[in-house]
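Notes for the structure review
Below, each chain spelled out in residue letters.
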Amino acid sequence: MVRLEHNIMPKQNEKLVHVDEWKNDKLTAKINNISLSLNSNSLTSLADFFVDEKPSKSLPFEATIENTMIKLCNPSQSDILRDNTCIKPTDTEIHLSRLQVKRTNDGLVFVEPIAENCDSKQLVEMTEEFKKVSIENEYLHRKLGTLERLKEENLELRRFQEENKTLKLLLNEAQDNISKLLGEKQNLLDQVRVLKESKSNMIVTTKR
């Protein structure tokens, strides 16, 4: 499909220098599901066809190419026979899935792929998937926060356990010291009792 938009917009407040200044043309083309086979020599001649001997105003155009295959064929066998120095090249196949070619008023040419458009069903599915992932991420964040708190509590509990273990060791050591002191006290009491008994016996013997 090829469409040429030709608009003429006179400028009332400006002096006309050339009628081309009033023209505003735009060429739009759409190529779908086409398979082309071109001879490489023909392609070179086709390039020469677009060269203007006289510079002219650039014609803006926009071409959309979808699902198109271009096959550049080898020169014919007769061409090869006429040219002994010609080395037979291989065929070149160019597959174009979705491509857009544009030329602006300044003559700049842009070639870029066409972004795939999502239909409403795909958009709804992507939105639902995004919501689902957002909910899962929020749940994971909460779970991560809970795990961090549990980790801190476990560290605090371990610290208490270490302190409790240290206190138990100190308590056992203190109990051992107390037992030793009680034993020494009992020995001293026994010695005092023996001394008292000895003193009493000495006093009784002296009186006799």
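To start, this report covers the structure provided alongside it. (Residues numbered from 1 in each chain as written. Predicted model: local features only at pLDDT ≥ 70, side-chain atom pairs only at ≥ 80, totals over all residues. Heavy atoms only, no water.)

Bringing the overall build of the protein chain into the picture now. If you tally the helices and strands in the protein chain, you get three helices and five strands. Summarising the internal contacts of the protein chain: among those between residues at least 6 apart in sequence, 63% fall at separations of at least 24. Total accessible area computed for the protein chain in this model is approximately 18500 Å², and 57% of it derives from carbon and sulfur atoms. (Helix = DSSP H or I, 4+ residues; strand = E, 2+ residues; numbered from the N terminus. Contact = heavy atoms within 4.5 Å. Areas by Shrake-Rupley, 256 points an atom, 1.4 Å probe, with all protein chains shown as cover.)

Our next topic: the side chain of Thr68. Summarising the element assignment, Thr68 is placed in strand E3 (residues 61–73). The exposure class assigned to Thr68 is buried, which follows from its relative accessible area of 5%. Within the structure, the side chain of Thr68 is placed 3.0 Å from the backbone oxygen of Glu66, a separation counted as a polar contact. With near-sequence residues (within four places) excluded, Thr68 lies in contact with Ile31, Asn33, Ile34, Ile94, His95 and Leu96. (Buried < 20%, exposed > 50% of the residue type's maximum accessible area, 1.4 Å probe, protein only. Polar contact = N/O pair within 3.5 Å; in protein donor to acceptor, adjacent residues only side chain to side chain.)

A few words now on unusual backbone geometry. With a phi close to 50 degrees, Asn67 is a non-glycine residue in the positive phi region. Mapped onto the fold, Asn67 is located in strand E3.

Okay, the side chain of Gln100 next. With respect to the helices and strands, the residue Gln100 is situated in strand E4 (residues 92–103). The class of Gln100 is buried, set by a relative accessible area of 17%. A distance of 3.0 Å separates the side chain of Gln100 from the side chain of Glu62, its partner in a polar contact.

Right, let's talk about the pattern of salt bridges for a bit. The final tally for this structure, using the stated rule, is six salt bridges. One salt bridge in this structure joins Glu112 and Lys102, with 3.8 Å as the shortest N-O distance. Of this pair, Glu112 sits in strand E5 (residues 109–113) while Lys102 sits in strand E4, and the two are 10 residues apart along the sequence. Judged by its relative accessible area of 33%, Glu112 is partly exposed. Taking the relative accessible area as the measure of exposure, Lys102 reaches 28% and is therefore partly exposed. As a salt-bridge pair, Glu197 and Arg193 come within 3.3 Å of each other at their nearest N and O atoms. You can see Glu197 and its partner Arg193 sitting in helix H3 (residues 120–207), four residues apart, about one turn around the helix. One continuous salt-bridge network, built from bridges that share partners, spans Glu156, Arg159 and Glu163. (Salt bridge = Lys/Arg side-chain N within 4 Å of Asp/Glu carboxyl O.)

Here E3 runs beside E4; their pairing, made up of 11 bridges, is antiparallel. Across the sheet, Thr64 pairs through a bridge with Gln100, a residue of E4. Strand direction decides the pairing type here: E4 and E5, joined by five bridges, are antiparallel. Paired with Lys102 across the two strands is Phe110, which belongs to E5. Between the antiparallel neighbours E4 and E5 lie five residues, among them Gly107 with a positive phi of about 90 degrees. (Pairing = 2+ DSSP bridges.)

A contiguous nonpolar patch, built from Ile31, Ile34 and Leu36 and spanning about 200 Å² of accessible area, is present on the exposed surface. With respect to the helices and strands, Ile31 occurs in strand E2 (residues 23–39). (Patch = residues over 30% accessible without salt bridge, like charges linked within 9 Å, V, L, I, M, F, W, Y side chains within 5 Å.)

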